[in-house]
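These are the residues of each chain, in order.
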Amino acid sequence: GKYQLIYFNVRGRGEAIRTLLKDNGIDYEEINCGNNWQKEWKPQMQFGQTPALRDNDFLLVQSNAILRHLARKHGLYGDTEEEAALIDMINDGVEDLRSKYVNLIYRNYENGKDEYIADLPNQLQPFEKLLSSNGADRSGCCVGTKCSFADYNLSDLLDIHVVLAPKCLEDFPILKAYYQQYLARPGVLEYRETEAFKQRPINGNGKQ
Ligand SMILES: N[C@@H](CCC(=O)N[C@@H](CS(=O)(=O)O)C(=O)NCC(=O)O)C(=O)O
């Protein structure tokens, strides 16, 4: 049956999942759990949190576990064990920066934004270096020559940081080209032109 993505109407930790599904032509149903979160949805979730993916009668939470589950099922996890390990490594690096971003947005935006943006080059440099060794600026793939789930997560991370700090990729030509390759993917381009994408806030508190 069809997958169901259960999340709030925000990009947040769901957008990499949505873009992976859309770009790979994988049909899914979007369920907005914001309407009755506390009573109906939160109690069903293993950690009381969302996003969640329902795969028939299998319910999975944790955004990175969802990305990996879809990657295993749909061939988006590299071609060798080493590639899979590098994809995991990069995705974990994305998670580290995403967690810092989430903390800024929800707990320290007014006082922490300038310092966060000043430190952003230090956070992006490792990705620039990692992607400079395999032609990711041309292929759009952070590992090997085929897109993986980490590409959707890393590209979404760059996407939300370009909103926060528009010039943040100016000193990172590889990352900038890699991000442009992502935006030019037919499936991504098409999805980003939908009203569903355009009207969806990045975060739940209106800050970006
Ligand atoms: N580690 C989890 C974090 C999930 C999480 O923090 N979810 C938030 C929503 S969001 O921050 O991802 O937008 C949530 O369910 N909050 C509601 C609640 O905790 O009751 C993941 O990666 O999925």
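Summarised in this report is the structure supplied together with it. The residue count restarts for each chain, going from 1 along the sequence in the order it is written. pLDDT decides what is reported in this predicted model: residues at 70 or higher carry local features, side-chain atom pairs at 80 or more are listed and counted, and totals for whole chains, interfaces and linings draw on all residues regardless. The side-chain quantities take in all heavy atoms of the structure and omit both hydrogens and water.

**Section: helix 1 (residues 15–23)**
Part 1: Only protein chains enter the accessibility calculation, which uses a 1.4 Å probe. A residue is then buried if its area is under 20% of the maximum for its type, exposed if over 50%, and partly exposed in between. Helix and strand assignments come from DSSP, with helices taken as H or I runs of at least 4 residues and strands as E runs of at least 2, each series counted from the N terminus. Of all the 9 residues making up helix 1, 8 are buried; the element is thus mostly covered by neighbouring parts of the structure.
Part 2: Within helix 1, the full set of buried residues consists of Glu15, Ala16, Ile17, Arg18, Thr19, Leu20, Leu21 and Asp23.

**Some remarks on the site of the ligand**
Part 1: For this purpose, a residue is taken to be near a molecule or strand whenever a single non-hydrogen atom of the residue falls within 4 Å of it. In the region of the ligand, the neighbouring residues are Tyr7, Phe8, Arg13, Trp37, Lys42, Gly48, Gln49, Thr50, Pro51, Gln62 and Ser63.
Part 2: A distance of 2.9 Å is found between an oxygen atom of the ligand and a side-chain nitrogen or oxygen belonging to Trp37.
Part 3: Note on areas: Shrake-Rupley, 1.4 Å probe, and residue coverage restricted to the protein chains presented here. Against a free-state accessible area of 540 Å², the protein chains account for coverage of 75% of the ligand.
Part 4: When residues are grouped by polarity, Ala, Val, Leu, Ile, Met, Phe, Trp, Tyr, Cys and Pro land in nonpolar, Asp, Glu, Lys and Arg in charged, and all others, Gly among them, in polar. Taken together, the residues of the shell around the ligand sort by class into 4 nonpolar, 5 polar and 2 charged. What qualifies as a polar contact is a pair of N or O atoms within 3.5 Å, subject to a donor-acceptor requirement within protein and to the restriction that residues adjacent in sequence count only when both atoms come from side chains.

**What to know about the layout of surface pockets**
Part 1: Lining residues are defined by having an atom within 4 Å of a point belonging to a cavity or pocket. Those points lie on a 1 Å grid over the protein atoms alone, cavities being sets where a 1.4 Å probe fits but cannot get out and pockets being open sets with protein on both sides within 12 Å along at least five of seven lines. Grid points are joined across faces, edges and corners, and a volume is the space filled by probe spheres set on the points. Taken as a whole, the largest pocket encloses approximately 510 Å³ of empty space.
Part 2: Considering the residues around the largest pocket, the lining is formed by 23 residues, among which Tyr7, Arg13, Gln49, Thr50 and Pro51 are closest to the centre.
Part 3: Here the lining of the largest pocket takes 5 residues from helix 4 (residues 81–107), the largest share from any one element.
Part 4: Its residues assigned to classes, the lining of the largest pocket shows 10 nonpolar, 9 polar and 4 charged.

**A few points about the nonpolar core**
Part 1: The definition of a nonpolar core used throughout is a set of buried Ala, Val, Leu, Ile, Met, Phe, Trp, Tyr and Cys residues joined through side-chain atoms within 4.5 Å. In this structure, Ile90, Leu124, Leu131 and Leu154 are the most contacted members of the largest nonpolar core, which totals 53 residues.
Part 2: Mapped onto this core, the elements with two or more residues apiece are strand 1 (3–7), helix 1, helix 3 (63–73), helix 4, helix 5 (109–131), helix 7 (149–164) and helix 8 (173–184).
Part 3: Note on contacts: a residue pair is in contact if any heavy atoms of the two residues lie within 4.5 Å. Those residues in contact with Leu154, other than ones at most four positions away along the chain, are Ile90, Val94, Phe127, Leu131, Cys142 and Tyr178.
Part 4: The next biggest cluster of nonpolar side chains, apart from the first, holds 9 residues, and it includes Ile6, Cys33, Met45 and Leu59.

**Observations concerning a nonpolar patch on the surface**
Part 1: Taken together, the side chains of Leu86, Met89 and Leu130 define a hydrophobic patch exposed on the protein surface, amounting to about 230 Å² of accessible area.
Part 2: You can see Leu86 is positioned in helix 4.
Part 3: Residue classification places Leu86 among the partly exposed positions, given a relative accessible area of 34%. Candidates for patches are residues over 30% relative accessible area with no salt bridge; among them, like charges are joined within 9 Å and nonpolar side chains (Val, Leu, Ile, Met, Phe, Trp, Tyr) within 5 Å. By salt bridge we mean one thing: a side-chain nitrogen of Lys or Arg within 4 Å of a carboxyl oxygen of Asp or Glu.

**Description of empty space enclosed by the protein**
Part 1: Evaluation of the coordinates by the stated rule reveals 2 cavities of 30 Å³ or more.
Part 2: Taken as a whole, the largest cavity spans an internal volume of roughly 50 Å³.
Part 3: Around the largest cavity, the lining residues are Gly12, Arg13, Ala16, Ser63, Asn64, Leu67, Glu95, Arg98, Asn153 and Asp156.
Part 4: Counting residues per element, the ones that place at least two in the lining of the largest cavity are helix 3, helix 4 and helix 7.
Part 5: Tallied by class, the residues present in the lining of the largest cavity amount to 2 nonpolar, 4 polar and 4 charged.

**Things to note about unusual backbone geometry**
Part 1: Residue Pro51 is bonded to the preceding Thr50 through a cis peptide linkage, with omega at 20°.
Part 2: Take Pro51: it is sitting in the loop between helix 2 (37–41) and strand 3 (52–55).
Part 3: At Asn56, a position not held by glycine, the phi torsion is positive, near 60°.
Part 4: If you trace the backbone, Asn56 turns up in the loop between strand 3 and strand 4 (58–61).
Part 5: Not every positive phi belongs to a glycine, and Gln62 is a case in point at roughly 80°.
Part 6: Along the chain, the position of Gln62 falls in the loop between strand 4 and helix 3.

On their own, these measurements won't tell you what the molecule is for.
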